[in-house]
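One-letter residues, chain by chain:
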Amino acid sequence: MSESPETPQPQHVPRPVTPGTQASYGTYGGRPVSFVRRGTRLQGRRQAAWELHAERWAVNVPRHVANTSVHPDYTFDAELEFGRKAPLIVEIGSGLGDAICHAAEQNPDTDFLAVEVYTPGLANTLIKINSRGLSNVRVVEANAPEVLATMLPEGSVSELWVFFPDPWHKSRHHKRRLIQPEFAGLAARALKKGGLWRLATDWSNYAVHVRDVLADSKDFENLHTGERRGPESPLTQVWQSGVESVVGGAPVREGRAPVSTEHTGPNEGVDETGGWAPRFEGRIRTSFEAKAHEAGRLIFDLCYRRR
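Sequence order sets the numbering: in each chain, residues are counted from 1 along the sequence as written. pLDDT decides what is reported in this predicted model: residues at 70 or higher carry local features, side-chain atom pairs at 80 or more are listed and counted, and totals for whole chains, interfaces and linings draw on all residues regardless. Hydrogen atoms and water are omitted, and side-chain values are computed over all heavy atoms in the structure.

Examining the overall build of the protein
Helical segments are the DSSP runs of H or I of at least four residues, strand segments are the runs of E of at least two, and each set is numbered from the N terminus. Scanning the protein from terminus to terminus reveals nine helices and seven strands. Burial classes: relative accessible area under 20% of the type maximum marks a residue as buried, over 50% as exposed, and values in between as partly exposed (1.4 Å probe, protein chains only). Here the protein, with 307 residues, has 48% of them falling under the buried criterion. Contacts are residue-level and defined by heavy atoms, with any inter-residue pair within 4.5 Å sufficient. Taking contacts inside the protein between residues at least 6 apart in sequence as the whole, the part at least 24 apart equals 79%. Entry remark: accessible area of the protein is about 15,900 Å², with carbon and sulfur atoms responsible for 49%. In short, Shrake-Rupley with a 1.4 Å probe defines the accessible areas, and a residue's cover is counted only from the protein chains shown.

Overview of the confidence of the model for the protein
The predictor attaches a confidence to each residue, called pLDDT, with possible values from 0 through 100. Overall, the predicted model of the protein reaches an average pLDDT of 84, with 79% of residues at or above 70. Here residues 22–39 scores under 50 on pLDDT; set against residues more than four positions off or in separate chains, the count is 44 contacts. Under a pLDDT of 50 for its full length, residues 248–252 has, in the predicted model, 10 contacts with residues more than four places off or in other chains.

Concerning the sheet that holds strand E6 (residues 220–222)
Within the open sheet, the seven strands sit side by side as E3-E2-E1-E4-E5-E7-E6. Their pairing is mixed. Strand pairing shows two members of the sheet lacking a second neighbour, strand E3 (137–141) and E6, which therefore form its edges. Averaged over neighbouring strand pairs, the angle between their axes works out to 20° when direction is ignored. Sheet topology note: the strand E1 (residues 88–92)/strand E2 (residues 111–116) ladder contains five bridges and is parallel. Counted as the bridge partner of Ile89 is Phe112 from E2. Strands in contact with helix H3 (residues 98–106) are E1, E2, E3 and strand E4 (157–163); relative to E2, the strand with the most contacts, it is inclined by about 175°. Axis definition: a line fit to C-alpha positions, over the contact stretch in the case of helices; interaxial angles, taken between N-to-C directions, run 0 to 180 degrees. Running at roughly 15° to strand E7 (residues 300–306), helix H7 (residues 204–215) makes contact with strand E5 (191–201), E6 and E7 of the sheet. In short, DSSP must find at least two bridges between two strands for them to pair.

Section: unusual backbone geometry
You will see that Phe164, though not glycine, has its phi angle at about 55°, which is positive. Here Phe164 shows up in the loop between E4 and helix H6 (181–190). Note on Phe164: relative accessible area 14%, which makes it buried. For Arg228, which is not glycine, the phi torsion reads 50° and is therefore positive.

Focus: the nonpolar core
What makes a nonpolar core is a set of buried Ala, Val, Leu, Ile, Met, Phe, Trp, Tyr and Cys residues whose side-chain atoms join them at distances within 4.5 Å. By size, the foremost hydrophobic cluster in this structure holds 48 residues, and its most contacted members are Leu113, Met151, Leu152, Ile179 and Trp197. The element contributing the most residues to this core is H6, with six residues. Contacts of Leu113, omitting those with residues within four sequence positions, involve Val59, Phe76, Leu88, Ile89, Val90, Glu91, Ile100, Arg138, Val139, Val140, Met151 and Leu152. Grouped together as the second largest cluster of nonpolar side chains are 23 residues, Ala54, Ala200, Phe280 and Ala292 included.

So, the environment of Asn107
Structurally, the position occupied by Asn107 is in the loop between H3 and E2. For the pair Asn107 and Gly282, spaced 175 residues apart in the sequence, the C-alpha separation amounts to 9.7 Å. For Asn107, the residues in contact, after removing those within four places along its chain, are Phe112 and Asn136. A polar contact of 2.8 Å, which involves the side chain of Asn107, links it to the backbone oxygen of Ala103. Think of a polar contact as two N or O atoms within 3.5 Å of one another; within protein, one of them needs to be a possible hydrogen donor and the other a possible acceptor, and neighboring residues in sequence only count if both atoms come from side chains.

Below you can see the structure in the form of structure tokens.
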């Protein structure tokens, strides 16, 4: 009896992935990533808030390779979601939702999208949305590069906010920092021409890193080039005070040496470059920022315009 021909096997076609995302490393586990998921379990009022309000205020995105990924075929329709056409502000790393909910209260004619991978933080944001009666905020549990690369339509964002991202202090971890040339390219794609990218950090090393990355970007211009330099620069003040030379700027216990965590980077004495923006008045001071002030650290604001 003659053998039947083998059934042709379907050819595997790899799914497209976004450069700079966890999926681009081949996996979401065991490789460098731009964030750490510090907890996903919900309990008590957070669990109740998620069950009651997620269907209304949380964007239900189709996943790709993990529960924080966004399928590249999915596109967010802000006009359909909010039921109107309005400026859209996106906050990457919205935490507990303090900043974005405060801004939404103050700007009812603007729509807001909170992007976060920390599920309890999103649940807290839902609590604030509901208790304040906000209708102009949505949340999404998603990896930021994928949101900017495929989920948001090109040129659909009026402002992009990144406030106090994880600093990844150690030199060997700098590649995990969110703000990288690839991420700047994704931000430029999502922002409309003339749109603003606002950033803030309480660590000078990260501030310099962000300034260097965006100085090399052809897509953005610093709205405060040359401003607050020399003695007026917060960078100069940090170098001179030495506040970041110990962990968290905390005092060193008697009999113990300071622990360097490479926070400040090279100390040049005086910052002659500047480029620091004044504090963004639209950003409420959260408990996180208050702790930085209590430790004596300075806040670095930066603001760029999409060319």
